[in-house]
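Analysis of the macromolecular model
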Amino acid sequence: MNDRFLGRREILRISGLTLLASPVAAFAHGLQKTGKTFPQPTGAPYQGTDEQLLEEIQKATFQFFWNEASPDTGQVKDRALAGGHDQRKMASIAATGFGLTSLCIADHRGYATSAELRDRTRKTLRFLANRLPHEHGFFYHFIDMETGARWENVELSSIDTSLLLCGVLTARQHFADQEIKDLATKIYERVDWPWMLNGGRTLSMGWHPETGFLKARWEHYCELMMIYLLGIGSPTHPLEPDTWHAWTRPVIHYQGIEFISGNDPIFTHQYSQAWFDFRNKKDAYTDYFENSVKATKAHKLFCLSLREKFPDYSEDLWGISASDYEKGYTAWGGPPAQGPIDGTVVPCATGGSLPFLFDDCIRVLRTMRGRYGKRAWSKYSFVDAFNPLDDWTDPDVLGIDLGITMLMAENQRTGFVWKTFMKNPEAQSAMKKVGFKPTS
């Protein structure tokens, strides 16, 4: 099985089965490297203002979404060399969703001309609406960026289609262009959400034309909120609002912090909240924004608890999420410990959590940008991951990891993505249907 073509969810499902089968063994395996030392970096943290650093990050990240996408189809590569000049052709529909949102941010910030950005957005949506193969409105996870052909035997993905749709609907609201609006509406409204239930109460994670629906379902709290809300808000093929109550909300207790979470990496607390604005509102279960604040605090404490084994982790440097590492791609996190934790640092763990715990997260980004220099930073902003203990730096960047940092940086600065996406009446309607109310 080639990890390169596994989605985050497939890796999580496989590793999760191992974790559930033997929690002690999994924990021991995850902390296999101990007692390492490393030379402390001598440079100073980033010397500019927080705003200057966030601007640098966003501007560099936009270059990835501009350069590493097809100028003809708009489809964005899953990954590329951190220094550019990448020749790979595998696109990710999730990366394209982040890419469409980045085009809106770029227009908002003046990173390119409005004419160029509108033209790229139109080409992207035309391809999605009229040329990219789909089944009941859902798209394949990975595709050829020029032809749209399914990449090898990958699944039709409900989460990756949803990430794409969030970008599609953001573009629909941002650009005052009727063709963009019409194409975006066509793409969203043809999705047959009940089909993905496959007769169950919760949504399937995907479908293969050879074997049918995946057995794995979206059945416990994670990044799934966007999928259900998009489906419930659909004006054409909606999910019943009761599906919001069909998935479980397990509670984790860690160092005095109580929060809803699965045994999943920190990105699960970030993705839905990049577009849907959960601030100052709650449903019958919780305030999900505050829940992500608690999850981020717990994740920081978890990383700091590993300092004796991995001395690079500190108040200035922490954070792991599903990412590359020296041996490939993995899903790791905590609490509880998950994956082959080895002292690697993943910039999007803190970059994607900026609105939740800003002072703590920006401190880490300032450290990486200033003290670690080229080991952590390249043409498209932060590399996907690096390990100071082994002097390893990932040669690649990943579109979804760059994307979550760019979107959350903008939400922290202005709330632009939240404000734009939440103008969609379907998003407002869905949140109302499942019972969201303002917090007192």
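What counts and what doesn't
Residues numbered from 1 in each chain as written. Predicted model: local features only at pLDDT ≥ 70, side-chain atom pairs only at ≥ 80, totals over all residues. Heavy atoms only, no water. Helix = DSSP H or I, 4+ residues; strand = E, 2+ residues; numbered from the N terminus. Rg over C-alpha atoms; globule rule 2.2 N^0.38 Å. Buried < 20%, exposed > 50% of the residue type's maximum accessible area, 1.4 Å probe, protein only. Contact = heavy atoms within 4.5 Å. Areas by Shrake-Rupley, 256 points an atom, 1.4 Å probe, with all protein chains shown as cover. Lys, Arg positive; Asp, Glu negative; His and termini not counted. Charge placed at Lys NZ, Arg CZ, Asp CG, Glu CD. Polar contact = N/O pair within 3.5 Å; in protein donor to acceptor, adjacent residues only side chain to side chain. Core = buried A, V, L, I, M, F, W, Y, C linked by side-chain atoms within 4.5 Å. Axes fitted to C-alpha atoms, helices over the stretch in contact; angles between N-to-C directions. Parallel < 35°, antiparallel > 145°, perpendicular 65-115°, else oblique. Left-handed = near helix turned anticlockwise from the far one by under 90°. Pairing = 2+ DSSP bridges. 1 Å grid on protein atoms, 1.4 Å probe; cavity = no way out; pocket = protein on both sides within 12 Å on 5 of 7 lines; lining within 4 Å. Points joined across faces, edges and corners; volume = space filled by probe spheres on them. Nonpolar A, V, L, I, M, F, W, Y, C, P; charged D, E, K, R; others polar.

Across its full length, the chain carries 16 helices and 19 strands. Here the chain has a C-alpha radius of gyration of 20 Å; the compact-globule value for 440 residues is 22 Å, and the two agree. The dimensions of the chain, computed from C-alpha atoms along their principal axes, are 55 × 50 × 45 Å. A total of 440 residues make up the chain; the buried ones form 62% of that total. Contacts in the chain between residues at least 24 apart in sequence constitute 71% of all its contacts with a sequence separation of at least 6. If you sum the accessible surface of the chain, you get close to 16200 Å²; carbon and sulfur atoms cover 50% of it. Charged side chains of the chain number 49 positive and 52 negative; the gap between the two group centres comes to 2 Å.

The residue Asn424 is located in the loop between α15 (416–421) and α16 (425–433) in this model. Only 3.2 Å separates the side chain of Asn424 from the backbone oxygen of Leu169, close enough to count as a polar contact. With residues up to four places along the chain from it excluded, the contact list for Asn424 reads Leu169, Thr170, Arg172 and Gln173.

Our next topic: the nonpolar core. Most often, soluble globular proteins keep nonpolar side chains buried together rather than apart. Ranked by internal contacts, the top residues of the largest apolar core, which has 151 residues, are Trp244, Trp275 and Phe276. Ranked by residue count, the leading element in this core is helix α4 (residues 93–109), at nine residues.

We now examine the packing of helix α3 (residues 50–67) against helix α5 (residues 114–130). Close contact between α3 and α5 brings their axes to 12 Å; oriented N to C, the two are set at 50°. In terms of orientation, α3 and α5 fall into the oblique class. In the crossing of α3 with α5, the sense of the turn from one axis to the other is left-handed. Taken together, the residues of α5 that come into contact with α3 (itself represented by Phe62, Phe65 and Trp66) are Glu116, Leu117 and Arg120.

Within a sheet, neighbouring strands are paired by backbone hydrogen bonds and run either parallel or antiparallel to one another. The strand order across the open sheet formed by three strands is β6-β7-β8, and the pairing between neighbours is antiparallel. Edge positions in the sheet fall to β6 (156–157) and β8 (212–213), since each has one partner strand and no second. Bridging between β6 and strand β7 (residues 206–208) involves two bridges; their strand directions are antiparallel. When the sheet's bridge partners are listed, Ser157 is paired in β7 with Gly206.

What follows deals with helix α9 (residues 225–233). Most of α9 sits inside the fold, with nine of its nine residues counted as buried. Buried within α9 we find Met225, Met226, Ile227, Tyr228, Leu229, Leu230, Gly231, Ile232 and Gly233.

A separate point is the environment of Phe175. Its location among the elements puts Phe175 in the loop between α6 (158–174) and α7 (178–189). Classification of Phe175 as buried rests on a relative accessible area of 3%. For Phe175 and Asp107, which are 68 residues apart along the polypeptide, the C-alpha to C-alpha distance reads 9.0 Å. Ignoring any residue separated from it by four or fewer positions in sequence, one finds Phe175 in contact with Leu103, Cys104, Asp107, Leu117, Arg118, Thr121, Ile180 and Lys181.

On inspection of all chains with the given rule, the structure shows five cavities of 30 Å³ or more. For the second largest cavity, the calculated volume is near 90 Å³. Secondary-structure elements contributing two or more residues to the lining of the second largest cavity are α3, α12 (347–351), β15 (381–382), β18 (396–398) and α14 (399–413). Here the element with the most residues in the lining of the second largest cavity is α14; it accounts for three residues. A breakdown of the residues in the lining of the second largest cavity according to their chemical character gives eight nonpolar, three polar and two charged.

Now for the pairing of strand β10 (residues 257–260). Summarising the sheet, strand β9 (residues 251–254) and β10 pair through four bridges and their orientation is antiparallel. Within β10, the residue paired with Val251 across the bridge is Ile260. Counted along the chain from β9 to the antiparallel partner β10, the turn is two residues long, and its residue Gln255 has a positive phi close to 45°.

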